[in-house]
Amino acid sequence: MKKKSYVVIVFLMTCIVLSACKKMDLTYEQFVVPGGIIYTAKVVSPVVHGGRNRVRISWPRSIDPTIVKARVFWNFNSDSVEVNVPSSGDSVSVNIDHLPAQPYSFVIKTYDNNGHTSVPTEALGIVYGDIYQAVLLNRPVLSGVMAPITGLVTIQWGIANVNNGGAYAGAIATEVSYLNTSGNQVTKRIGINVVATVLSDFKADGTIYSTRTLYVPPLGIDTFYTDFNNKQISRKLSKSAWTATADSQQLTGLLPAGGPAAYAIDGDINTFWHTTYPSTTVIYPHWLVIDLKSQVNIGVLELVYRQNIFNSFTDFLVDGSLDGINWTTYGAYVFLGVNTPQSFPILGSPKVRYVRIYATKGPTVYAHIAEVSLYGY
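Residues numbered from 1 in each chain as written. Predicted model: local features only at pLDDT ≥ 70, side-chain atom pairs only at ≥ 80, totals over all residues. Heavy atoms only, no water.

Engineer: Looking at this structure, how should I read the overall build of the protein chain?
Structural biologist: Along the backbone of the protein chain there are two helices and 26 strands. Per-residue burial over the protein chain gives 39% buried out of 377 residues. Of the roughly 20,600 Å² of accessible surface on the protein chain, a fraction of 57% belongs to carbon and sulfur atoms. (Helix = DSSP H or I, 4+ residues; strand = E, 2+ residues; numbered from the N terminus. Buried < 20%, exposed > 50% of the residue type's maximum accessible area, 1.4 Å probe, protein only. Areas by Shrake-Rupley, 256 points an atom, 1.4 Å probe, with all protein chains shown as cover.)

Encoded structure:
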């Protein structure tokens, strides 16, 4: 009797479970797609190339032979563009124009002829425009000097913003525009790694040249240009009215070739200014001040070492003043022990009347200079 009751209980429980399963099947039957969902292959490794109010999006063409087109969505899917996918080739690309300058999130899907689609792929990128243009910096010009005899113009370039400025980097070249010896306006493109440019055809009485810098932003497809910036050519200034003073000078012991401060501006590299000699009390800093007698813009300081005596100062500052009392420092430099002239650009070509060479360090307590020249306008 017990065995019969057990069989009945099992039968009833089985019926209950089967009934529950049947109801569950009825519940989910409406969501089942006959044959399963078919997806096309998704886009892999898309790249967004930003340009001026446009982008170019590219990705490797899939090996899925059923794909015939793709669609790119942006602005939260409110805008889109359709792209035909070729049956051959290595890549697929699309240009999207007339976009406001800003960061974008693009979503890409592929499709076959039956309307089956892929899972979406996101691609991030930046569209550039006036804001990017406005913050680009012209490559610095350290100096632009015309040689007094040959008329050659040498432009010394500063460091351009090639790859250290984040989204606003990307300098690729510089252009210089000027009047040549035939009176024609010419523009030459200079490589971004060139540190000095020599112009052999600059108009002899020319005074102005202009520079601008070309940029292509990271992953960019368009070139942006800074505005042309006018620069004044520096020429060697006459020393005829100059006077010189110093913190000390040896007026007797080193004559006739050396001693007085005035010997540093007499146009003769075989004479020289020298601090008090011999001396154990007059030590660094030493200074030499040139009074130009009028206000000029200075672009380059040129120094010549005392010939074949290489124990003068090494480290020095260049200061300028309009009144000889209030001084501005324009740069720190190193004076090398060589016989040939050494040029030191003065960035910004400041207007001064007085120039001070302020020596702070050297191998001995003495300082000496054979000749001081200035280039300016």
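Engineer: Please clarify how the nonpolar core should be interpreted in this entry.
Structural biologist: Buried together is how nonpolar side chains tend to be arranged in soluble globular proteins. Counting 32 residues, the largest nonpolar core has Leu-288, Leu-303, Phe-313, Phe-316 and Val-372 as the members making the most contacts within it. Elements that contribute at least two residues to this core include exactly strand S17 (243-246), strand S20 (286-304), strand S21 (315-321), strand S24 (351-361) and strand S26 (371-376). Take this core: its biggest share by element is seven residues, from S20. Once you skip the residues sitting within four places of it in the chain, Leu-288 turns out to touch Ala-244, Thr-245, Ala-246, Ala-261, Ala-264, Trp-273, Val-355, Arg-356, Ile-357, Ile-369 and Val-372. Core analysis: the next-biggest nonpolar cluster, separate from the first, contains 20 residues, Val-55, Trp-74, Val-83 and Ile-108 among them. (Core = buried A, V, L, I, M, F, W, Y, C linked by side-chain atoms within 4.5 Å. Contact = heavy atoms within 4.5 Å.)

Engineer: What's the story with the sheet that holds strand S5 (residues 91-97) in this structure? I'm lost.
Structural biologist: Backbone hydrogen bonds are what pair the strands of a sheet, in a parallel or an antiparallel way. As summarised here, the arrangement of the three strands in space is S1-S2-S5, forming an open sheet in which the pairing is antiparallel. The open sheet terminates on both sides in strands that have one partner only, identified here as strand S1 (47-51) and S5. Across the sheet, the mean angle from the axis of one strand to that of its neighbour is 15°, orientation sign disregarded. Bridging between strand S2 (residues 54-60) and S5 involves seven bridges; their strand directions are antiparallel. The partner of Arg-54 across the bridge, within S5, is Asp-97. (Pairing = 2+ DSSP bridges. Axes fitted to C-alpha atoms, helices over the stretch in contact; angles between N-to-C directions.)

Engineer: Whenever I open this one, the pairing of S26 confuses me. Can you help?
Structural biologist: If a strand is regular, its side chains alternate between the two faces of the sheet. S26 sits mainly inside the fold: six of its six residues count as buried. Strand direction decides the pairing type here: S20 and S26, joined by six bridges, are antiparallel. If you follow Ile-298 over to S26, its bridge partner there is Gly-376.

Engineer: Help me out: how do you make sense of the side chain of Thr-110 in this one?
Structural biologist: Tracing the sequence through the fold places Thr-110 in strand S6 (residues 103-111). For Thr-110, the residues in contact, after removing those within four places along its chain, are Thr-40, Ala-41, Val-43, Ile-67, Lys-69, Ala-70, His-116, Thr-117 and Ser-118.

Engineer: Sorry if this is basic, but what is going on with the environment of Ala-41 here?
Structural biologist: Mapped onto the elements, Ala-41 comes out in the loop between helix H1 (2-28) and S1. Ala-41 sits 68 residues away from Lys-109 along the chain, and the two C-alpha atoms are 8.9 Å apart. Excluding residues that lie within four positions of it along the chain, Ala-41 makes contacts with Ser-62, Asp-64, Ile-67, Thr-110 and Ser-118.

Engineer: Any chance you could explain the side chain of Thr-197 here in plain terms?
Structural biologist: If you trace the backbone, Thr-197 turns up in strand S12 (residues 196-199). For Thr-197, a relative accessible area of 9% corresponds to the buried category. Once residues lying within four places of it in the same chain are set aside, the contact partners of Thr-197 are Val-153, Thr-154, Ile-155, Trp-157 and Ile-190.

Engineer: Would you mind showing me how to read the sheet that holds strand S18 (residues 258-259) here?
Structural biologist: Taken in spatial order, the three strands line up as S18-S19-S25 in an open sheet, and their pairing is mixed. Looking at strand neighbours, the two that pair on one side only are S18 and strand S25 (368-369), the edges of this open sheet. Of the strand pairs in this sheet, strand S19 (residues 272-274) and S25 are connected by two bridges, and their pairing is antiparallel. Across the sheet, residue His-274 finds its bridge partner in S25, namely His-368.

Engineer: Can you walk me through the confidence of the model for the protein chain in this structure?
Structural biologist: Detailed reading of the predicted model is not advised wherever pLDDT is low. Residues of the protein chain with pLDDT of at least 70 account for 89%, and the chain-wide mean is 90. Of the regions scoring below 50 in pLDDT, residues 1-33 engages in zero contacts with residues more than four places distant in sequence or in other chains. (pLDDT = per-residue confidence, 0-100.)

Engineer: Got a minute to help me understand the pairing of strand S22 (residues 328-334) in this structure?
Structural biologist: In terms of strand pairing, S21 meets S22 through six bridges, oriented antiparallel. The residue of S22 that forms the bridge with Leu-317 is Ala-332. Between S21 and S22, which pair antiparallel and follow one another directly, the connecting turn spans six residues, one of which, Gly-324, has a positive phi of 75°.

Engineer: What is the right way to read a nonpolar patch on the surface from this model?
Structural biologist: A surface patch of nonpolar side chains, amounting to about 320 Å² of accessible area, comprises Ile-37, Tyr-39 and Val-119. Overall, Tyr-39 belongs to the exposed group, its relative accessible area being 52%. (Patch = residues over 30% accessible without salt bridge, like charges linked within 9 Å, V, L, I, M, F, W, Y side chains within 5 Å. Salt bridge = Lys/Arg side-chain N within 4 Å of Asp/Glu carboxyl O.)

Engineer: What's the story with the pattern of salt bridges in this structure? I'm lost.
Structural biologist: Any two side chains of opposite charge can pair, on the condition that their charged atoms come close. Scanning all chains against the criterion turns up eleven salt bridges. The salt bridge involving Glu-175 is made with Arg-212; its shortest N-O contact spans 2.8 Å. Highlighted residues: Glu-175 in strand S10 (residues 171-179) and Arg-212 in strand S13 (residues 208-215), separated in sequence by 37 residues. You can call Glu-175 buried: its relative accessible area is 6%. Where Lys-293 meets Asp-291, a salt bridge forms, and the shortest distance between an N and an O atom there is 3.2 Å. The exposure class of Asp-291 is buried, given its relative accessible area of 9%.

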